[in-house]
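# A look at the structure
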Amino acid sequence: FFYLDAHRPGDVPLREEMTHVQYYLDLQSARFRRLQIDMDVNERDLDRVNAVRLTLQPIVENVFIHGYRGKKPSYLGISTRAEADYFAIIIRDKGIGMTAETLRQIRRILQTREKPGESMLRNNGEEPTSGIGLLNVHQRLQLTFGAEYGLHLVESVPLESTIFEIRLPYRTSEEGHHVPDHDD
C-alpha cells in the first residue's frame, strides 16, 4: 500500500504523510474491528513540519507485520511532540515486543547505518527480519534533513509493546519557522 507522484519532491508537508497513514489505518480498522487507534496530533503542526515521502506509513505497516506477528492487532498510537531541536512523531503498539538482543541489533543498525545481514534478526523466536526497512526509512530521513534526524527505537518490552520515534526538523521563529507551542 503506497502512493507516488513522480512530479513531486521527496519531502512533503507532514499533513500529506498523515493523510496517507490515515487511509492505511482505515483499511486496517476494517480488517481488524477491535483495533484501537489513538491519534494525538497537533493539527497546526501538520502544515508546518515537513516529512520525507513514504517514511511514516512503512513504520506503521511494520507494526502490523512484525509488532503483532502471530496475534491480532489491538492498539496503535501515533502522537506528536515539539521539542526545542526537533519534532517527534511517536508510534506505539501493544504487540509482541522484541527480545533484548533484537532491540540491541536494531539500535546498532540505526546508529551505525550498517546494512544488516540477511535474516539476521529473530524476534521472540519467530521468523527472522533483516531490519532493512527500518534502515531505509532512517537513511532517507538523514539524507534529506541531516544526521541529527531520523528513526529511533525508543523502547521495546517483550510481550508488551514497542515505541518508535521519528525525528524531523523543527525550527525556531528566528529561522523563519514555528516555535513549539506546548499549550495545545
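A few points on the structure.

Rules of the game
Residues numbered from 1 in each chain as written. Predicted model: local features only at pLDDT ≥ 70, side-chain atom pairs only at ≥ 80, totals over all residues. Heavy atoms only, no water. Pairing = 2+ DSSP bridges. Helix = DSSP H or I, 4+ residues; strand = E, 2+ residues; numbered from the N terminus. Axes fitted to C-alpha atoms, helices over the stretch in contact; angles between N-to-C directions. Contact = heavy atoms within 4.5 Å. Parallel < 35°, antiparallel > 145°, perpendicular 65-115°, else oblique. Left-handed = near helix turned anticlockwise from the far one by under 90°. Expected span 1.5 Å × (residues − 1). Buried < 20%, exposed > 50% of the residue type's maximum accessible area, 1.4 Å probe, protein only. Arc of directions from axis to C-beta.

## What to know about the sheet that holds strand β8 (residues 150-157)
Spatial strand order, β2-β4-β5-β9-β8: 5 strands in an open sheet with mixed pairing. Strands with a single pairing partner mark the edges of an open sheet, and in this sheet they are β2 (36-40) and β8. Neighbour to neighbour, the strand axes of the sheet diverge by 15 degrees on average, direction disregarded. Here β2 runs beside strand β4 (residues 75-82); their pairing, made up of 5 bridges, is parallel. Directly across from M39, in β4, lies its bridge partner I78. Helix α1 (residues 14-31) contacts β2, β4, β5 (87-93) and β9 (161-168) of the sheet and is inclined by roughly 165 degrees relative to β2.

## Re the packing of helix α3 (residues 100-112) against helix α4 (residues 132-145)
Each pair of packed helices gets described by two things: the angle between the helix axes and the distance between those axes. Here α3 crosses α4 at 30 degrees, and the two axes come no closer than 9 Å. Accordingly, the angle class assigned to the pair α3 and α4 is roughly parallel. At the point where α3 passes α4, the crossing takes the right-handed sense. Every residue of α4 that contacts α3 at I106, I109 and L110 is listed here: L134, L135 and H138.

## Some thoughts on α3
Helix length check: α3, at 13 residues, gives a terminal C-alpha distance of 18 Å against a target of 18 Å (1.5 Å per residue), a fit within 8%. Among the residues making up α3, those that are buried are T102, L103, Q105, I106, I109 and L110. Buried residues of α3 fall within an arc of 165 degrees about the axis and therefore sit on the same side. For α3, exposure combined with an orientation more than 90 degrees from the buried face picks out A100 and Q111.

## Looking at unusual backbone geometry
The phi torsion at L54 lies on the positive side, around 60 degrees, for a residue other than glycine. Checked against the element boundaries, L54 lands in the loop between β3 (50-52) and α2 (56-67). According to the relative accessible area criterion, L54 is buried, its value standing at 16%. One non-glycine residue, L159, lies in the positive phi region at around 65 degrees. Residue placement: L159 occurs in the loop between β8 and β9.

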